[in-house]
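Spelled out, the chains give:
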Amino acid sequence: MTATSELPVSGMPIAGSLDRPFLSVNDLHVAFPTEDGLVQAVDGVSLSVERGKTLAIVGESGSGKSVTAQAIMGLVNRKSANVTGEIWLDGQELLHMPQGEVQELMGMEIAMIFQDPMSSLHPFYRIGDQIVEAIRAHRSIGKAAARRETLEMLHHVGIPAAERRIDAYPHQLSGGMRQRVMIAMALINSPQLLIADEPTTALDVTVQAQILELIARLQGEFGTTVILITHDLGIVADVADDVAVMYGGRIVELASTTTLYDLPEMPYTLGLLSSVPRMDQKLPERLDPIRGNPPSPIRLPKGCVFQPRCDYWQKVPGEACLTVRPELLESDPDHWVRCHLKAEERKQIAHDVKQILAGGPE
Amino acid sequence: MFAYLVRRVLLMLMLLFLLSVSVFLLFSILPGDPARLTCGKACTPVIIEANRHRLGLDEPPLTQYVKFVSAIFVGRTFSPDSPEPIKCDAPCLGYSFNRHEQVMSLITRAAPVTFFLAIGAFVIWIFVGLSLGIVAALNRGRLGDRLIMGISLIGYSMPAFFLGLLLVFFVIIKWQFLPFPQYISPWENPFQFFQTMLLPWILLATLYAAFYIRLTRNQVLEVLSDDYVRTARAKGLPERTVVVKHALRAGLTPIVTAAGLDLAGLLGGAIISENIFNLPGLGSLAVSSITDSDLPLITGITLLTAAIIIFANLVVDLLYAVIDPRVRVT
């Protein structure tokens, strides 16, 4: 995985070039004008994903992760939001594409699974008809053929008695079944990119693992690239190749999953990891939540956005954390961190925190 | 489903029964003697007593009520002991002694006028209300939205008689685009029928469309931000399909409720429009029956209007289940 620099890179290779990653987002900004002021939901996000890989975007509510996903999907209303930057998918730039062409890609090349399958399925239409509609929006095949394909897909995503369920309404299915239907609907046109926006948040814990396994299995079969949006670091470890941690509309740390779990460097990531209960370790006295609340997206702090909640900003000489926005810099190869602390200091802090969490010397 | 229907119809009959009892009671305790009103200036106590007997008003209220209800099913003969008994065939809703005509035939003559008036206006206001409501919702906050909402506010707050008189004054009298309304059945002279009905339709449609524009706009705005509309967009469906098939359909329930009851209300008579445009419909009939204190006619029209509204309620409830599969009629 590569992370491109903050600024739009000039002289980038043109469409279809081999060394361009499958999906790359360059300096994406999304701002919503509101009566209280401009809400800068996404503030300069750059990331890329190789074909067939899974990128997890992790963050709290309001960190901009969902808006990033919706911008990639083309679901951010261009009339009500200011969107700038570039989104390249397989050689095509999406943000400046005419609406009609974006519509052709939506549901065909890019598909999305949403958080709450109950509210994301139309309550008045049979699930089979909703999937058939997704097929026929993009391919001119007959209703009967589309229905056969739908049935096959419902079997494939593990819906028992699919012959009967195809004519069920969403409210007649359980939460897990509904999310399977959403997955079937998203994958029915074999999209190359699947964006899963908190696909397990609204589900029972017992069902969560099944759904993630299903996504992983289908990803293997179809060779789909997946972006997994979540606030739950617990589910990321098993499924993602890379992780981008977002805070205040920016990426604050970006690394491969193993690196991020073993050597987190940004204090925020550290805080997230320490607030997740771990089954494989002795439980610490208590979980260690990150104090304070996420910043208001209208009045972001002038310096580091995380500074008001950071325990370590006073270690930085001067008042850099209060006045200067840190850049996302490459700390180690393919490990990008946005923090004013020196790399050695960050590693030391991470080491100490892990010791405490593991119940080591206080 | 069948059990539900049976239950609802029974409930409907019970409502009608209670209603007829209260209408009857109301008229028997009201001041004013119906028998006194039957003969005008020529009244003498003897004639009044004779008429009271002919009307059956000298009988106890319960007997009067039983006779009234049984007449609906088996017909009735008024003043059977007089030389000219009045026969009223089932379904008999009574006999208007002011007009010397059966209430039922008065109603069946007026009902088609009101029916055509209501249906025509209904079609126009639903079409205009839904389409302008959608347009306003999709342009929320922008010029188109404000223009539509502004105009609909005017339509909403304009009194019917004022707008009606404006239409009559300008279109008919001043510019003479249309002849003065003279109702004729559409089967007889479709052209004149349309000429007559055009302005009443426009008047009623304007008054009602204003409300439906607001309702539709609010409904569409509410569901447009719902998750399943986002799903529909994510499927790559054209915006038109997203708005009409997914958003509007989901917000349809309150619109259908309002439409069903409004239409039912209009079918009972559009009093102001019918009077302005000289239409011999149920509204005009109701007004003149009241000014004449024609009790049998008032009773008949009241019951008919109530029956229409109760029936419309049932239809609306059944439509819920058609629109929303989560609603189960049991």
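A quick note: this is a predicted structure, and the numbers were derived from the prediction, not measured.

Caption draft 1: Layout of the overall build of chain B. Regarding its fold elements, chain B presents 13 helices and four strands. Overall, the C-alpha framework of chain B stretches about 80 × 60 × 35 Å when taken along its three principal axes. Per-residue burial for chain B yields a buried fraction of 33% across its 330 residues. A fraction of 63% describes how many contacts in chain B between residues 6 or more apart in sequence connect residues 24 or more apart.

Caption draft 2: Local environment of the overall build of chain A. Along chain A, the regular secondary structure elements total 13 helices and twelve strands. Against the 2.2 N^0.38 benchmark of 21 Å for 362 residues, chain A shows a C-alpha radius of gyration of 21 Å, consistent with a compact globule. Dimensions of chain A, computed from the C-alpha atoms along their principal axes, are close to 70 × 50 × 45 Å. In chain A, which comprises 362 residues, the share counted as buried stands at 43%. Considering only residue pairs separated by 6 or more positions, chain A has 64% of its internal contacts joining residues 24 or more positions apart.

Caption draft 3: Local environment of the interface of chain A and chain B. In this assembly, 23 residues from chain A lie in contact with 18 residues from chain B. Secondary-structure elements contributing two or more residues to the side of chain A that touches chain B are α2 (99-105), β6 (110-113), α3 (117-120) and α4 (127-136) of chain A. Counted by class, the side of chain A that touches chain B contains 13 nonpolar, seven polar and three charged residues.

Caption draft 4: Looking closely at the confidence of the model for chain A. Averaged over every residue, the pLDDT of chain A is 87; the share at 70 or more is 90%. Segment residues 1-17 of chain A: pLDDT under 50, and 32 contacts once partners within four positions in sequence are set aside and those in other chains are kept.

Caption draft 5: Geometry of helix α7 (residues 190-224) of chain B. A rise of 1.5 Å per residue sets the reference length of α7(B), with its 35 residues, at 51 Å; its end C-alpha atoms lie only 43 Å apart and thus fall more than 12% short of the reference. When the local axis directions of α7(B) are compared, the greatest deviation, roughly 35°, occurs at M197(B), which is followed within four positions by the proline P200(B).

Caption draft 6: Layout of the sheet that holds strand β2 (residues 37-49) of chain A. Residues and elements named next belong to chain A. As summarised here, the arrangement of the four strands in space is β2-β1-β4-β5, forming an open sheet in which the pairing is antiparallel. Edge positions in the sheet fall to β2 and β5 (92-93), since each of these pairs with one other strand and no more. Pairing geometry for strand β4 (residues 82-89) and β5, over two bridges, is antiparallel. Bridge pairing in β5 places W88 opposite E93.

Caption draft 7: Structural detail: the pairing of strand β10 (residues 250-256) of chain A. Residue and element names in this part refer to chain A. The buried fraction of β10 is high, at six of seven residues. Pairing between strand β9 (residues 242-247) and β10: six bridges, direction antiparallel. Opposite M246, over in β10, you have I251 as the bridge partner. In this structure, the hairpin formed by β9 and β10 is closed by a connection of two residues, where G248 is found at a positive phi of approximately 55°. By the bridge criterion, two bridges tie β10 to strand β12 (residues 335-338) in an arrangement that is antiparallel. Across the sheet, residue E253 finds its bridge partner in β12, namely V337.

Caption draft 8: The arrangement of the environment of A137(A) in detail. Its place among the elements puts A137(A) in the loop between α4 and α5 (143-156). Along the sequence, A137(A) and N26(A) sit 111 residues apart, while their C-alpha atoms lie 30 Å from each other. Setting aside residues up to four positions removed in sequence, A137(A) forms contacts with G107(A), K235(B), G236(B) and L237(B).

Caption draft 9: Here's a closer look at the environment of E59(B). All names here are of chain B. If you trace the backbone, E59 turns up in the loop between α2 (45-55) and α3 (61-74). What makes E59 partly exposed here is the crowd of 14 C-beta atoms within 10 Å. For the pair E59 and L237, spaced 178 residues apart in the sequence, the C-alpha separation amounts to 71 Å.

Caption draft 10: Main features of the packing of helix α4 (residues 103-138) of chain B against helix α5 (residues 143-157) of chain B. Residues and elements named next belong to chain B. Relative to each other, α4 and α5 sit at 140°, their axes nearing to 7 Å. One finds that α4 runs oblique with respect to α5. Where α4 crosses over α5, the two elements pack in a sense that is left-handed. Residues L132, V135 and A136 of α4 lie in contact with α5, whose contacting residues are G144, D145, I148 and M149. A class-by-class count of the residues in the contact of α4 with α5 yields five nonpolar, one polar and one charged.

Caption draft 11: Focus on the nonpolar core. Formed by 168 residues in total, the largest nonpolar core has its most connected members in A184(A), I195(A) and V245(A). Once you skip the residues sitting within four places of it in the chain, I195(A) turns out to touch A69(A), I72(A), M73(A), I110(A), M112(A) and I227(A).

Caption draft 12: Structural view of the packing of α4(B) against helix α13 (residues 295-323) of chain B. Residues and elements named next belong to chain B. The contact between α4 and α13 brings their axes to 10 Å, and the two run at 55°. On the basis of the axis angle, α4 is oblique to α13. The handedness of the crossing between α4 and α13 is right-handed. From α4, V103, L106 and I107 reach across to α13, where they touch P296, L297, G300, I301 and L304.

Caption draft 13: Looking closely at unusual backbone geometry. Following A90(B), the chain continues into P91(B) via a peptide bond in cis, with omega recorded as -5°. Looking at where P91(B) falls in the secondary structure, it is placed in the loop between β2 (86-88) and β3 (95-96). We note that A161(A) has phi near 50°; this positive angle belongs to a residue other than glycine. Residue position: A161(A) is located in the loop between α5 and α6 (162-165). Taking the number of C-beta atoms within 10 Å as the measure of exposure, A161(A) has 10 and is therefore exposed.

Caption draft 14: Representation of the environment of L55(A) in the model. All names here are of chain A. Mapped onto the secondary structure, L55 falls in strand β3 (residues 54-58). In this structure L55 comes out as buried when scored by C-beta crowding, with 23 C-beta atoms within 10 Å. If we skip the residues at most four places from it in the chain, L55 touches L47, V49, I227, A240, D241, D242 and A244.

About the cut-offs
- Residues numbered from 1 in each chain as written.
- Chains lettered and ligands numbered in written order.
- Predicted model: local features only at pLDDT ≥ 70, side-chain atom pairs only at ≥ 80, totals over all residues.
- Helix = DSSP H or I, 4+ residues; strand = E, 2+ residues; numbered from the N terminus.
- Buried ≥ 20, exposed ≤ 12 C-beta atoms within 10 Å, placed from the backbone.
- Contact = placed C-beta atoms within 7 Å.
- Rg over C-alpha atoms; globule rule 2.2 N^0.38 Å.
- Nonpolar A, V, L, I, M, F, W, Y, C, P; charged D, E, K, R; others polar.
- pLDDT = per-residue confidence, 0-100.
- Expected span 1.5 Å × (residues − 1).
- Bend = angle between axes of the 7 residues up to and from the residue.
- Pairing = 2+ DSSP bridges.
- Axes fitted to C-alpha atoms, helices over the stretch in contact; angles between N-to-C directions.
- Parallel < 35°, antiparallel > 145°, perpendicular 65-115°, else oblique.
- Left-handed = near helix turned anticlockwise from the far one by under 90°.
- Core = buried A, V, L, I, M, F, W, Y, C linked by C-beta atoms within 7 Å.

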